[in-house]
Amino acid sequence: MKINYIIFFFLIISASLKAQQVKVLNAISETPIFGVAIFNADKTKSVITNFEGEASLNIFSSDEILYFQHLLFTSRKLEKAQIEKSNIVYLDVTTQDLSEVVISASNFEQVKKDIPQKIVSLNSENVQFVNPQTSADLLESSGQVYIQKSQLGGGSPMIRGFSTNRLLITVDGVRMNNAIFRGGNLQNVISIDPFAVQNAEVILGSGSVIYGSDAIGGVMSFYTQKPALSYTDSLQIKTNAVIRYASASNEKTGHVDFNIGIKKWAFLTNASYTDFGDLKMGTHGPEDYLRPEYVSTLNNSDVMVQNSNPLVQKQSGYRQYNIMQKVRFEPFNSLSFDLGLYYSTTSNIPRYDRLIRYKGTDLRSAEWYYGPQQWFMANAQITKLSSLSNLYDKAKVTMAYQNFQESRVDRNFQSELRNIRDEAVDAYSFNLDLEKKLSVKTQFFYGLEYVYNQVMSHGDEENISTNSVIPTVSRYPNGASWQSAALYSSIKYKPNPKFVFQSGLRFNHVVSKASFKANNIYLNLPFIASKNIAGALTGTAGISWSPNAVIQWRLNTSSAFRAPNIDDIGKVFDSEPGAVVVPNQSLKPEYAYGYDLGLKLNFEKRLIIDVSTYYTYLNNALVRRDFTLNGNAQIVYDGELSNVQAIQNASKAWIYGLEVGMEYRFTKQLKLTSQYSVIGGTEEDDSGAETPLRHAAPHFGNTHLVWNTKAFKMDVFAYYNNELSFNQLAPSEIEKDYIYALDSQGRPYAPSWYTLNLRTQFQITDATTITASLENITDQRYKTYSSGIAAAGRNFILALKYSL
């Protein structure tokens, strides 16, 4: 009898405890939401939901009003007694909502509606559903970043007519751009593991006030997953595992991450491996893109081999490895310490566009590949909150060390000489960012930054017959350095909920040093060293005005700059067959001045229309032009007589465009979205005439029809891209005729193209999710603008995710 009483007692206790629990779910997918803050009206009591979206409410009284708050969801307030009826609370996603929060505009959280610039956001749900093969593909999925690929292991973003070292990449607040970021196409963004990305933000337009040099056309900010604390005395473990296969490249990917969280400490480990085979292009499109033959080397002898399937782009595959380790310590609610270790490496990556060049009837190169692209970063952050300090309400210190390693190896067809050039960069950075609320209407952001880069560069020439190696000219001056020191400030004034004014200033001091003594053995430059000192003052001012619930206006004006780096000042390389770029010590920063105007119409969240127009003037532009070396217009480089060129402040450019976006929600589950970008631009050539701008992409767009329920999501979508005729191509693109289709007159041009695609996601159980996509259903053969490699043909992608 006593046992029955005990059982009854425990049942009562269990029911009581259950009644004190709440589960917070995504209103659309009904999945648990981790990290929801639940607090009372005066914020004297608070709890946070765990990995299962659950939290105990026993510290709150039954008559209290509880507030539910999360960055990615619309806040709610409910009476505790009302919650206890079902113990479930649903939150709506804030995507496309004016209350969405962004970080990249000031390095601190701000309501997106308050920002006068256009910012594109990709959250964790976007990342998981898009299931991108690389972070370049993730950016492309936004519909507003254009991606160029010279090879399969590539991905060079273009934003509003700018690319490469006129765009900035950051990872967890640390700039990835370094002293050898070049004006040619870059693939550093693929070093960022898309499985590790929690969310990403893209600033469309200048970001120089916060980020300094290079942030002329835009800023791509990646925020990786954060270690999650349990906020209780119990240990909580969360694990995810993903496997993926893609048919077009025979891709095989594996990923695992696990989080261990206790009350004040958390540990996160993230690891991925991808194996890409040779990429197969589509069957319907220009025959110019086919790969009819390739070079095979056996016993140091090069032979031309007929490709049994010209749709397969032989010698394009590669492998990639990524690992990330993070630790978080939060001794108090007002103080946290974060440490992140990131490492990425690849196998050799074939430079596919160089492998399809011909010299007469034979392929020009027997070998042309990038050595392993390695990136390491150690990033330590300290975040402090204070309501008592007169200097700040929130302060963040970021200290980072990065090491970049890359190399280039090439050998001409039937040549015994292999050219090897190795580069490495050590990058150190320190950032102090502070935020202070001066009044109810005014916030002040300010900070300082110091960056130091040192470049190591070596060149060798190897004879593959004798295995002898002799030194040769290096790509960069070995031991060169680049450093930048800056102060910035920004103010936000919000006199009422409808109007926001933001303005900022930044002063940058940049110094670069290089010694050409070693390379002068080969080049005989008229100087043995250079020191370049530059100062730059940039500013921005803009407003966001919402006269009513339907209309939001954005207007922003800004200036931006890019200081010459070591790639500009000291590089030696073959830009194209028969041309060599040599150092130039007399360079100055280039400046950009522009505005963008935006209008957003939100008709009760059923129909949203977003229109933006922009204009940028680039002055003193750093461009590659013909040059002389000791009075000579030609020199012998890598055994070939080549025209001499150098980077020079020799041009101006004008860029303009229009972006139109639309979202229509038929029901809670079904919506239609569409985005279209129109880009135009010209630059001044040697004669003063205006020519098409190299990085102004063709007009491009996408349309999506999305169905989303609790366990199933489906997206039927199309990508489309306008033609660029021969007369619309930049002169530097016309010279690369081997990557383009030929028009009826035998001239290079970029044809228009489209793809139809289907993506689905099904949550089989609470722990298991399957994502299946069929891309390029009609098997189109196409290249994105300026790309050396053709895009994937019909491509079936299958991914399975298991969570514990």
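Just so we're clear, the structure is a prediction, and the values are computed from it rather than from any experiment.

### As for the sheet that holds strand β2 (residues 37-39)
One open sheet holds the four strands; their spatial order is β3-β2-β5-β6, and the pairing between them is antiparallel. The open sheet is flanked by β3 (46-48) and β6 (73-79), the only strands paired with a single partner. With strand direction ignored, the average angle separating the axes of adjacent strands in the sheet is 15 degrees.

### Focus on the confidence of the model for the chain
Per-residue confidence for the chain averages 92 on the pLDDT scale, and 96% of its residues sit at or above 70. Predicted confidence is poor over residues 5-19, with pLDDT under 50, and the contacts of this stretch with residues over four places away or in other chains come to three contacts.

### Examining a nonpolar patch on the surface
Together, Leu235, Ile237, Val256, Phe258, Ile260, Ile262, Trp265 and Phe267 line one region of the surface with nonpolar side chains, adding up to about 660 Å² of accessible area. Of all the secondary structure elements, the ones that give two or more residues to the nonpolar patch are β19 (251-261) and β20 (265-276). The element that contributes the greatest number of residues to the nonpolar patch is β19, accounting for three residues. Along the polypeptide, Val256 turns up in strand β19.

### Some words on the environment of Val24
By the secondary structure assignment, Val24 is in strand β1 (residues 21-26). Given the relative accessible area of 0%, Val24 is considered buried. Along the chain, Val24 and Gly53 lie 29 residues apart, while their C-alpha atoms are 5.1 Å from each other. Excluding residues that lie within four positions of it along the chain, Val24 makes contacts with Thr31, Pro32, Ile33, Val36, Thr49, Gly53, Phe68, Val89 and Leu91.

### Looking at the sheet that holds strand β10 (residues 118-122)
Taken in spatial order, the five strands line up as β10-β16-β17-β14-β15 in an open sheet, and their pairing is mixed. If you trace the sheet from one side to the other, it starts and ends with β10 and β15 (174-175), each paired once. Relative to strand β16 (residues 197-204), β10 runs antiparallel, the two sharing five bridges. Bridging across to β16, Lys118 finds its partner in Leu204.

### Some remarks on the packing of aromatic side chains
By the definition in use, this model includes 22 aromatic pairs. A centroid spacing of 6.1 Å and a plane angle of 5 degrees characterise the contact between Trp265 and Phe267, whose relative ring orientation is stacked. Residue classification places Phe267 among the partly exposed positions, given a relative accessible area of 35%. Centre to centre, the rings of Tyr273 and Tyr321 are 5.0 Å apart; their planes meet at 40 degrees, and the pair counts as tilted. Placement of Tyr273 in strand β20 and of Tyr321 in strand β23 (residues 318-332) is noted, with a sequence separation of 48 residues between them. Assessed through its relative accessible area of 37%, Tyr321 is described here as partly exposed. Each residue in the set Trp265, Phe267, Phe329 and Phe337 is aromatic and connected to the rest through ring pairs, giving one cluster. Between Lys43 and the ring centre of Phe39, over which it is positioned, the NZ or CZ distance is 5.4 Å. For the cation-ring pair, Lys396 lies above Phe108, with the distance from its terminal atom to the ring centre recorded as 5.5 Å.

Calculation rules
- Residues numbered from 1 in each chain as written.
- Predicted model: local features only at pLDDT ≥ 70, side-chain atom pairs only at ≥ 80, totals over all residues.
- Heavy atoms only, no water.
- Pairing = 2+ DSSP bridges.
- Helix = DSSP H or I, 4+ residues; strand = E, 2+ residues; numbered from the N terminus.
- Axes fitted to C-alpha atoms, helices over the stretch in contact; angles between N-to-C directions.
- pLDDT = per-residue confidence, 0-100.
- Contact = heavy atoms within 4.5 Å.
- Patch = residues over 30% accessible without salt bridge, like charges linked within 9 Å, V, L, I, M, F, W, Y side chains within 5 Å.
- Areas by Shrake-Rupley, 256 points an atom, 1.4 Å probe, with all protein chains shown as cover.
- Salt bridge = Lys/Arg side-chain N within 4 Å of Asp/Glu carboxyl O.
- Buried < 20%, exposed > 50% of the residue type's maximum accessible area, 1.4 Å probe, protein only.
- Phe/Tyr/Trp six-rings, centres within 6.5 Å; stacked < 30°, edge-to-face > 60°.
- Lys NZ or Arg CZ within 6 Å of the ring centre and 35° of its normal.

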